[in-house]
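Chain residues, written in single-letter form:
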Amino acid sequence: MAFSADHWGFAFGVLGNIVSFIVFLSPLPTFYTIYKKKTAEGYQSIPYVVALFSSMLWIYYAFLKTNTTLLITINSFGVFIETIYVGFYLFYAPKKSRVQTIKMLLLFVVGGFGAIILVTQFLFKGAVRGQVVGWICLVFSLCVFVAPLGIVRKVIKTKSVEYMPLLLSVFLTLSAVMWFFYGLLLKDINIAAPNVLGFIFGILQMVLYVIYRKKEKAILKEQKLPEIQKPAMVVVDENTNNKKFPELTQEQIIDIVRLGLMVCSEKVHVASCPHGTTCEAKVENTSKEQTVDA
């Protein structure tokens, strides 16, 4: 039995749900690193705030369209997990980053999403409302894919891939492919179009990771100090040829002699004058008595 476009669309939608589920979980290593460091310094919250806002928009769009159950399921999970990520980031972020994240939440999630619902509900009706929300979703889906460009800029500037999660780049690329075909088969340009750009940015991030990962390894190899190997000097006992003893260097012998002299001088001082100043007083009194007798 031949599969129709709807069947293929459903199949790619299910695959898109599976891959997107992995995409939402891919930042877990990043947040585990933040947990170990006990600080989110050096990491950005922009991708997670924008992803949260985008998931909320797609849920709203899906309720305005038909045959979009797969959009509701995955984006509901997206709202849940991205909320956890943002909360975790706020807990470990420095004060400045925490304030910026709260401002973005108020701007996008509270103000932006609230304004979109009010405007579309009161100014547009029927199919037009769905089209308007669809175009808004398209724009902000592009923002989701563009948001990691801040991390790309940081990688190019620092020549380090420490803050670029490779798993996120890989699965974003796969997700873009699945959702592109899902939107194409459903003839929904609002779903298909942004995933073209998502695929391009995903490939760009993976290429940069490979390039700067190799450079980072080369730099670390150059900076590694060579180990200084000193020739081993041994003394062979004539009576027992099987036993070999390491010979001390000249510097070690000098240090041992100095240490011995210091220990001996301390012992002589303690033995001659066990009572400190009392001995000195006795010596002075003896010298005076000898002077009077004279």
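As the structure is a computational prediction, the values presented were derived from the model and not from experiment.

## Quick word on the overall build of the protein chain
Then, in step 1: What the protein chain contains, in helices and strands, is 11 helices and 2 strands.
Then, in step 2: Along the protein chain, helices and strands appear, N-terminal first, in the series α-α-α-α-α-α-α-α-α-β-β-α-α.
Then, in step 3: For the protein chain, the residues scored as buried account for 34% of the 294 residues in total.
Then, in step 4: If you take every contact in the protein chain between residues at least 6 apart in sequence, the share linking residues at least 24 apart comes to 72%.
Then, in step 5: Put simply, the protein chain shows about 19300 Å² of open surface, and 68% of that area lies on carbon and sulfur atoms.

## As for the packing of aromatic side chains
Then, in step 1: Within this structure, the stated rule accounts for 16 aromatic pairs.
Then, in step 2: With centroids separated by 6.1 Å and ring planes inclined at 65°, the aromatic side chains of Phe 24 and Phe 77 adopt a geometry described as edge-to-face. In this pair, Phe 24 is assigned in helix α1 (residues 5-25) and Phe 77 in helix α4 (residues 69-92), connecting sequence segments 53 residues apart.
Then, in step 3: Given a relative accessible area of 12%, Phe 24 falls into the buried group.
Then, in step 4: Between Phe 53 and Phe 108 the ring centres are 5.7 Å apart and the planes differ by 55°, which places this aromatic pair in the tilted class. Highlighted residues: Phe 53 in helix α3 (residues 46-64) and Phe 108 in helix α5 (residues 95-123), separated in sequence by 55 residues.

## A short note on unusual backbone geometry
A negative phi angle is the norm for most residues apart from glycine, just as the trans form is the norm for most peptide bonds.
Then, in step 1: In this structure, Asn 67 is a non-glycine residue whose phi angle is positive, near 60°.
Then, in step 2: Of note, Asn 67 is situated in the loop between α3 and α4.
Then, in step 3: Classification of Asn 67 by relative accessible area gives exposed; the value is 57%.

## Notes on the confidence of the model for the protein chain
Then, in step 1: With 73% of its residues at a pLDDT of 70 or more, the protein chain has an overall mean of 78.
Then, in step 2: Per-residue pLDDT, averaged within each element of the protein chain, yields its smallest value for helix α11 (residues 277-293) (45) and its largest for α4 (94).
Then, in step 3: Here residues 276-294 scores under 50 on pLDDT; set against residues more than four positions off or in separate chains, the count is 3 contacts.

## Points about the UniProt feature "transmembrane region" (unreviewed entry) in the protein chain
Then, in step 1: According to UniProt, the feature "transmembrane region" (unreviewed entry) maps to residues 12-34, 46-64, 70-92, 104-124, 130-151, 163-185 and 191-212 in the numbering used here.
Then, in step 2: For residues 104-124, the helix share is 95%, the strand share is 0%, and the end-to-end C-alpha distance is 27 Å.

## A few points about the nonpolar core
Then, in step 1: Counting 46 residues, the largest nonpolar core has Leu 57, Leu 71 and Leu 105 as the members making the most contacts within it.
Then, in step 2: When residues of this core are assigned to their parent elements, the largest contribution, 10 residues, is made by α3.
Then, in step 3: In this structure, Ile 151, Val 152, Val 155 and Leu 208 belong to the second largest nonpolar core, which totals 8 residues.

## Let's talk about the layout of surface pockets
Left-over empty space is what a probe sized like a water molecule reveals as it rolls over the atoms.
Then, in step 1: Reported here for the second largest pocket is a volume of approximately 200 Å³.
Then, in step 2: Ala 40, Glu 41, Gly 42, Tyr 43, Gln 44, Pro 94, Ser 97, Gly 150, Arg 153, Lys 154, Lys 157 and Thr 158 together form the lining of the second largest pocket.
Then, in step 3: Per-element tally for the lining of the second largest pocket: the top contributor is helix α7 (residues 149-158), with 5 residues.
Then, in step 4: When grouped by side-chain class, the residues that make up the lining of the second largest pocket number 3 nonpolar, 5 polar and 4 charged.

## A few points about a nonpolar patch on the surface
Then, in step 1: The grouping of Phe 10, Val 14, Leu 15, Ile 18, Phe 21 and Ile 22 at the surface amounts to a nonpolar patch, some 500 Å² of accessible area in total.
Then, in step 2: For Leu 15, the position within the fold is in helix α1.

## Remarks on the side chain of Thr 173
Then, in step 1: Along the chain, Thr 173 turns up in helix α8 (residues 166-185).
Then, in step 2: Using a relative accessible area of 6% as the deciding quantity, one classes Thr 173 as buried.
Then, in step 3: Thr 173 has contacts with Phe 199, Gly 202, Ile 203 and Met 206, leaving out every residue within four places of it along the chain.

## Some details on the environment of Tyr 60
Then, in step 1: Mapped onto the elements of the fold, Tyr 60 is located in helix α3.
Then, in step 2: C-alpha separation for the pair Tyr 60 and Leu 71, spaced 11 residues apart in sequence, amounts to 9.9 Å.

## Here's the deal with the packing of α1 against α8
Then, in step 1: Relative to each other, α1 and α8 sit at 160°, their axes nearing to 8 Å. When the interaxial angle is binned, α1 and α8 end up roughly antiparallel. Crossing of α1 over α8 shows left-handed handedness. On α8, the residues touching Ala 5, Trp 8, Gly 9, Phe 12, Gly 13, Leu 15, Gly 16, Asn 17, Val 19, Ser 20, Ile 22 and Val 23 of α1 are Leu 168, Phe 171, Leu 172, Leu 174, Ser 175, Met 178, Trp 179, Phe 181, Tyr 182 and Leu 185.
Then, in step 2: Among the residues forming the contact of α1 with α8, the class breakdown is 16 nonpolar, 6 polar and no charged.

The rules we used
Residues numbered from 1 in each chain as written. Predicted model: local features only at pLDDT ≥ 70, side-chain atom pairs only at ≥ 80, totals over all residues. Heavy atoms only, no water. Helix = DSSP H or I, 4+ residues; strand = E, 2+ residues; numbered from the N terminus. Buried < 20%, exposed > 50% of the residue type's maximum accessible area, 1.4 Å probe, protein only. Contact = heavy atoms within 4.5 Å. Areas by Shrake-Rupley, 256 points an atom, 1.4 Å probe, with all protein chains shown as cover. Phe/Tyr/Trp six-rings, centres within 6.5 Å; stacked < 30°, edge-to-face > 60°. pLDDT = per-residue confidence, 0-100. UniProt positions renumbered as here; feature names shortened; annotations may be inferred. Core = buried A, V, L, I, M, F, W, Y, C linked by side-chain atoms within 4.5 Å. 1 Å grid on protein atoms, 1.4 Å probe; cavity = no way out; pocket = protein on both sides within 12 Å on 5 of 7 lines; lining within 4 Å. Points joined across faces, edges and corners; volume = space filled by probe spheres on them. Nonpolar A, V, L, I, M, F, W, Y, C, P; charged D, E, K, R; others polar. Patch = residues over 30% accessible without salt bridge, like charges linked within 9 Å, V, L, I, M, F, W, Y side chains within 5 Å. Salt bridge = Lys/Arg side-chain N within 4 Å of Asp/Glu carboxyl O. Axes fitted to C-alpha atoms, helices over the stretch in contact; angles between N-to-C directions. Parallel < 35°, antiparallel > 145°, perpendicular 65-115°, else oblique. Left-handed = near helix turned anticlockwise from the far one by under 90°.

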